[in-house]
Amino acid sequence: MQRTEHIKAFGGWLNRYRHTSEVCNCSMRFSVYLPPQAATERVPVVYWLSGLTCTDDNARSQGGMQRYAAELGLALVFPDTSPRGTDVPDGQNRYDLGKGAGFYVNATQAPWSQHYRMYDYVTRELPGLIESELNVQPGIKSISGHSMGGHGALICALKNPGAYQSVSAFAPICNPSVGGWGQTCFEAYLGDDREAWQAYDASALVTAGAPPIPLFIDSGTGDEFLVKQLYPQNLEAACRARDFPLTLRMQEDYDHSYYFVASFIGEHLAYHAGKLHGAQGSGR
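A brief look at the structure comes next. Positions within a chain are numbered from 1, following the residues in the order the chain's sequence is written. Local features in a predicted model are, by the rule used here, given only for residues with pLDDT of at least 70; side-chain atom pairs are given and counted only at 80 or more, and totals for whole chains, interfaces and linings are based on all residues. To get the side-chain values, take all heavy atoms of the structure and skip hydrogens and water.

## Considering the overall build of the chain
Numbered from the N terminus, helices here are DSSP runs of H or I no shorter than four residues, and strands are runs of E no shorter than two. Scanning the chain for helices and strands turns up 10 helices and 9 strands. Note on method: radius of gyration uses C-alpha positions; expected globular size equals 2.2 Å times residues raised to 0.38. Here the chain has a C-alpha radius of gyration of 18 Å; the compact-globule value for 284 residues is 19 Å, and the two agree. Projected onto its principal axes, the C-alpha coordinates of the chain cover approximately 50 × 45 × 35 Å. Here the chain holds 284 residues, and 57% of them are scored as buried. Throughout, a contact is declared for two residues whenever any of their heavy atoms are within 4.5 Å. By sequence separation, contacts in the chain at least 24 residues apart represent 72% of the contacts at least 6 residues apart. Throughout, the Shrake-Rupley method with a 1.4 Å probe supplies accessible areas, and for residues the shown protein chains are the sole cover considered. Split by element, the accessible area of the chain, about 11200 Å² in all, is 47% carbon and sulfur. His is not counted, nor are the chain ends; Lys and Arg add positive charge and Asp and Glu add negative charge. Where a charge sits is defined by one atom per residue type, namely NZ (Lys), CZ (Arg), CG (Asp) or CD (Glu). Computing the positive centroid from 22 side-chain charges and the negative centroid from 28, the chain places the two 5 Å apart. With a 1.4 Å probe rolled over the protein chains alone, any residue whose accessible area is under 20% of its type maximum counts as buried; one over 50% counts as exposed, and the rest are partly exposed.

## What to know about the environment of V206
Within the secondary structure, V206 sits in helix α7 (residues 202–207). Expressed as a C-alpha distance, the spacing of V206 and R240, which sit 34 residues apart in the sequence, is 9.9 Å. When neighbours within four sequence positions are excluded, V206 is seen to be in contact with L158, L235, A238, C239, R242 and F244.

## Here's the deal with a negative patch on the surface
Only residues whose relative accessible area exceeds 30% and that form no salt bridge are eligible for patches; like-charged ones are grouped when within 9 Å, while nonpolar side chains (Val, Leu, Ile, Met, Phe, Trp, Tyr) are grouped when within 5 Å. The term salt bridge refers to a side-chain nitrogen of Lys or Arg lying within 4 Å of a carboxyl oxygen of Asp or Glu. Residues E187, D192, D193 and E195 make up a contiguous surface patch of negative charge. Relative to the assigned elements, D192 resides in the loop between α5 (180–190) and α6 (194–197).

## Side note on the pairing of strand β8 (residues 215–220)
β8 sits mainly inside the fold: 6 of its 6 residues count as buried. A two-sided burial pattern is seen for β8, the buried positions comprising L215, I217 and S219 on one face and F216, D218 and G220 on the other. Here, any two strands with at least 2 DSSP bridges between them count as paired. Here strand β7 (residues 167–170) runs beside β8; their pairing, made up of 4 bridges, is parallel. Within β8, the position partnered with S168 by the bridge is F216. By the bridge criterion, 6 bridges tie β8 to strand β9 (residues 246–251) in an arrangement that is parallel. Bridge pairing in β9 places G220 opposite Q251.

## Here we look at the side chain of S219
Along the polypeptide, S219 turns up in strand β8. Excluding anything up to four places from it in sequence, S219 contacts A171, P172, R249, M250, Q251 and F260.

## Considering the packing of aromatic side chains
Ring pairs shown here join Phe, Tyr and Trp side chains whose ring centres sit within 6.5 Å, with only the six-membered ring taken for Trp; geometry is labelled stacked below 30 degrees between planes, edge-to-face above 60, and tilted in between. According to the stated counting rule, one finds 14 aromatic pairs in the structure shown. Here F103 and F186 contribute two aromatic rings whose centre-to-centre distance is 5.7 Å and whose plane-to-plane angle is 80°, an arrangement assigned as edge-to-face. With a gap of 83 residues between them, F103 in the loop between β5 (75–79) and α3 (118–133) and F186 in helix α5 connect regions that are remote in the sequence. In this structure F103 comes out as buried when scored by relative accessible area, which is 0%. Seen from their ring centres, Y254 and F260 are 5.8 Å apart, and the 40° between their planes marks the pair as tilted. Residue classification places Y254 among the partly exposed positions, given a relative accessible area of 30%. Three or more aromatic residues link up through ring pairs in this structure, and these residues are W48, F170, Y254, F260 and F264.

## So, the pairing of strand β3 (residues 26–34)
Taken across its 9 residues, β3 has 7 buried, putting it largely inside the fold. Relative to β3, strand β2 (residues 12–21) is paired through 9 bridges, and the arrangement is antiparallel. In the strand pairing of β3, R18 is matched with R29. Linking two consecutive strands that pair antiparallel, namely β2 and β3, is a turn of 4 residues; a positive phi of about 60° is found at N25 within it.

What follows is the structure, encoded as structure tokens:
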């Protein structure tokens, strides 16, 4: 880990790091906010996964998260959304494929499979690095995200029972197998076998019997992508069929932007803090 930025914020530090990723086979960048409590004690972590076209910078500069994290004693980790570099393949003249659009899957198809393994990166490699190098509580972590990152947060929690104390999402892509963004990336990264797509689809995972973990989701009724990309109603139906715990709040008139995220991020971080500090107290 090479620290490239060190910014004082709300009594803590917003740092940016670069490291060589064995999983993604390239140099990766991520940001971490360490609250003031991290100066004297190990703190729990919330991983934030960002959406299409984003880097590690969008949420840390637009989400309004650091103030709440400082008050709640939470570290925040902001990964990038895809591998980067001149030798990393990219979608030609497309914002929804390639760099900035890793979709948090492990690609199996050439040329993507050499680098696009964001699922293993965010669930395995990055947490291992964070827990070995920074003053955080090993294994005490939650996950959240926005849009494509909301999809990522949901599948990471659903596919790894017990790994996260809690999960939440803003405007997540809930059923990517039937939406345009998801279909574009899944076909490129995973091939044309739609059965293989189900392993990275939150609605399909719930239907297939994923162990229950409460899902906390906010979506906006004014979101321009609600009807053709996000499909929260499909996840809601899958959860209802299994009596799977879901809190889905449709926030009146809110859109898909970080103004929406910033409006409710305090509630989400407080939700995670309750679960995380409870896990600390129980020794988990």
